[in-house]
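# Secondary and tertiary structure notes
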There are 2 protein chains.
Amino acid sequence: MSHDNHKELVTSVKANMPDADTLFELADFFKVFGDSTRIRIMCALFERELSVCCIADIVGMEQSTVSHQLRVLRQENLVKVRREGKQSYYSLEDEHIKLIFEMGLEHILE
Amino acid sequence: MSHDNHKELVTSVKANMPDADTLFELADFFKVFGDSTRIRIMCALFERELSVCCIADIVGMEQSTVSHQLRVLRQENLVKVRREGKQSYYSLEDEHIKLIFEMGLEHILE
DNA sequence: TTAAAATATGAACGGTTGTTCATATGTTCA
DNA sequence: TGAACATATGAACAACCGTTCATATTTTAA
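The structure displayed is predicted, hence computed values, not measured ones. (Residues numbered from 1 in each chain as written. Chains lettered and ligands numbered in written order. Predicted model: local features only at pLDDT ≥ 70, side-chain atom pairs only at ≥ 80, totals over all residues. Heavy atoms only, no water.)

### Comments concerning the overall build of chain A
Along the backbone of chain A there are six helices and three strands. What you see in chain A, going N to C, is helices and strands ordered as α-α-α-β-α-α-β-β-α. At 19 Å, chain A has a C-alpha radius of gyration far larger than the 13 Å of a compact globule built from 110 residues. Principal-axis analysis of the C-alpha atoms gives chain A an extent of 65 × 30 × 25 Å. Sequence separation of at least 24 residues holds for 51% of the intrachain contacts in chain A that already meet a minimum separation of 6. Summed over its atoms, the accessible surface of chain A is roughly 5,800 Å², and 48% of this surface lies on carbon and sulfur atoms. Charge-centre separation for chain A: the mean point of 13 positive side chains lies 8 Å from the mean point of 19 negative side chains. (Helix = DSSP H or I, 4+ residues; strand = E, 2+ residues; numbered from the N terminus. Rg over C-alpha atoms; globule rule 2.2 N^0.38 Å. Contact = heavy atoms within 4.5 Å. Areas by Shrake-Rupley, 256 points an atom, 1.4 Å probe, with all protein chains shown as cover. Lys, Arg positive; Asp, Glu negative; His and termini not counted. Charge placed at Lys NZ, Arg CZ, Asp CG, Glu CD.)

### Quick notes on the sheet that holds strand 3 (residues 87–92) of chain A
Residue and element names in this part refer to chain A. The three strands lie next to each other as 1-3-2, forming an open sheet whose pairing is antiparallel. Of all the strands in the sheet, just strand 1 (50–51) and strand 2 (79–84) have a single pairing partner and so form its edges. One ladder, built from six bridges, connects strand 2 with strand 3; its direction is antiparallel. What sits directly across from K80, in strand 3, is S91. (Pairing = 2+ DSSP bridges.)

### Observations regarding helix 5 (residues 63–75) of chain A
All names here are of chain A. With 13 residues, helix 5 ought to run about 18 Å at 1.5 Å a step, and its terminal C-alpha atoms sit 18 Å apart, in line with that. Those residues of helix 5 lying buried are V66, Q69, L70 and L73. Burial along helix 5 is one-sided: seen end-on, the buried residues are contained in an arc of 110 degrees. Summarising the contacts, the buried residues of helix 5 are in contact with helix 2 (20–33), helix 3 (36–47), helix 4 (52–59), strand 2 and strand 3. Just downstream of helix 5, N77 is the residue with a positive phi angle, here 60 degrees. (Expected span 1.5 Å × (residues − 1). Buried < 20%, exposed > 50% of the residue type's maximum accessible area, 1.4 Å probe, protein only. Arc of directions from axis to C-beta.)

### Thoughts on the interface of chain B and chain A
Contacts between chain B and chain A engage 51 residues on the former and 51 residues on the latter. The contact between chain B and chain A buries some 4,800 Å² in all, and 74% of this surface belongs to carbon and sulfur atoms. Across the contact surface, chain B and chain A share zero salt bridges. For the pair chain B and chain A, the interface holds 10 residue pairs in polar contact (both at pLDDT 80 or more). (Buried area = accessible area lost by both parts, 1.4 Å probe. Salt bridge = Lys/Arg side-chain N within 4 Å of Asp/Glu carboxyl O. Polar contact = N/O pair within 3.5 Å; in protein donor to acceptor, adjacent residues only side chain to side chain.)

### Looking at the relation of the copies chain B and chain A
The operation relating chain B to chain A is a screw motion whose rotation component is 180 degrees, with 0.0 Å of axial translation and a residual RMSD of 0.1 Å. Between the two chains, the operation in question is that of a two-fold axis. The overlap is high: 100% of the interface residues of chain B also sit at the interface in chain A, so the same surface is used on both sides. (Least-squares fit on C-alpha atoms with pLDDT ≥ 70 in both.)

### Considerations on the environment of N77(A)
Relative to the assigned elements, N77(A) resides in the loop between helix 5 and strand 2. On the accessibility criterion, N77(A) (43% relative accessible area) is partly exposed. Between the C-alpha atom of N77(A) and that of L92(A), which follows or precedes it by 15 residues, the distance is 8.8 Å. When sequence neighbours within four positions are dropped, the list of residues in contact with N77(A) reads E93(A), D94(A) and H107(B).

### A word on the packing of aromatic side chains
Applying the stated criterion across every chain yields a total of 10 aromatic pairs over all chains. Ring centres of F33(A) and F30(B) lie 5.3 Å apart, and the angle between their planes is 55 degrees; on these two criteria the pair is classed as tilted. Taken together, the positions of F33(A) in helix 2 and F30(B) in helix 2 (residues 20–31) put the pair across two chains. Comparing F33(A) with F30(B), the two get one shared label, buried. Between F46(A) and F101(A), the aromatic rings sit 4.9 Å apart at their centres with planes inclined by 90 degrees, giving edge-to-face as the arrangement. (Phe/Tyr/Trp six-rings, centres within 6.5 Å; stacked < 30°, edge-to-face > 60°.)

### Notes on the nonpolar core
Nonpolar side chains tend toward joint burial in soluble globular proteins. Ranked by internal contacts, the top residues of the largest apolar core, which has 73 residues, are F33(A) and F33(B). Ranked by the residues each element gives to this core, the list is headed by helix 2 of chain A, at seven residues. Every residue in contact with F33(A), bar those within four places of it in the chain, is listed here: I39(A), M42(A), L78(A), I97(A), I100(A), F101(A), A27(B) and F30(B). (Core = buried A, V, L, I, M, F, W, Y, C linked by side-chain atoms within 4.5 Å.)

Rendered as structure tokens:
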């Protein structure tokens with residue numbers, strides 16, 4: 001179950017890691033990027049702010065689905081809303097998103 | 001269901017988006033970051049290469065669980081293995097990982 | 001105020017995913 | 001070869017998650 005300097009390694013590596021709570025939050029943050037519908041919504045919002053029904057048409061899903069996913073994005077502070085008449089206009093909240101996207105794309109394109 | 005320049009917007013935004021396949025792959029890639037066990041495994045590997053049982057002790061989970069998750073990380077080309085005797089030593093495959101981590105951390109720390 | 005349009009929300013379902021247990025495979029050493 | 005250790009893998013279960021349908025809320029305009 002353990003070899004040579006196993007125990008020292010374990011404690012030293014653990015000591016240098018961010019605390020578990022932070023890493024849990026980090027996982028929750030990346031979880032948002034782990035769904036293709038949300039990815040496509042964010043991608044559409046790179047161009048400009050959009051109303052819910054526009055987004056629904058762009059990603060080809062129900063208005064209800066898009067609303068639910070926009071709530072998830074809002075809860076993680078990735079998008080913000082602006083009401084204008086009957087429409088809600090969503091836009092990206094954070095500049096990190098684009099960079100994270102680009103890095104992901106670089107990876108999957110070898 | 002649609003307002004003023006709805007239709008033009010939809011087609012123009014769609015035209016400038018990466019194709020659906022790419023974005024699907026991208027979501028699959030980020031999905032790997034969306035689990036705290038995998039996050040903690042990757043985080044441990046930032047320090048150095050580690051054997052499976054070391055990783056299991058560091059993250060405080062069963063050896064079996066860690067093995068399963070390492071397979072997921074391997075399938076997405078995020079880690080590589082090296083056999084040495086009875087142990088399998090895992091290490092990070094890609095430099096993007098650290099950058100993606102840092103950007104995620106920057107976001108959750110406001 | 002009523003109708004219509006846009007969005008938000010709750011419940012339910014089906015599918016996915018992470019963990020565990022048990023066990024198989026691989027490796028070393030006596 | 002056999003025992004002991006390290007790792008990998010399959011099956012099964014529970015929990016989570018994304019979508020849809022139905023409906024509620026909000027806003028405008030007649």
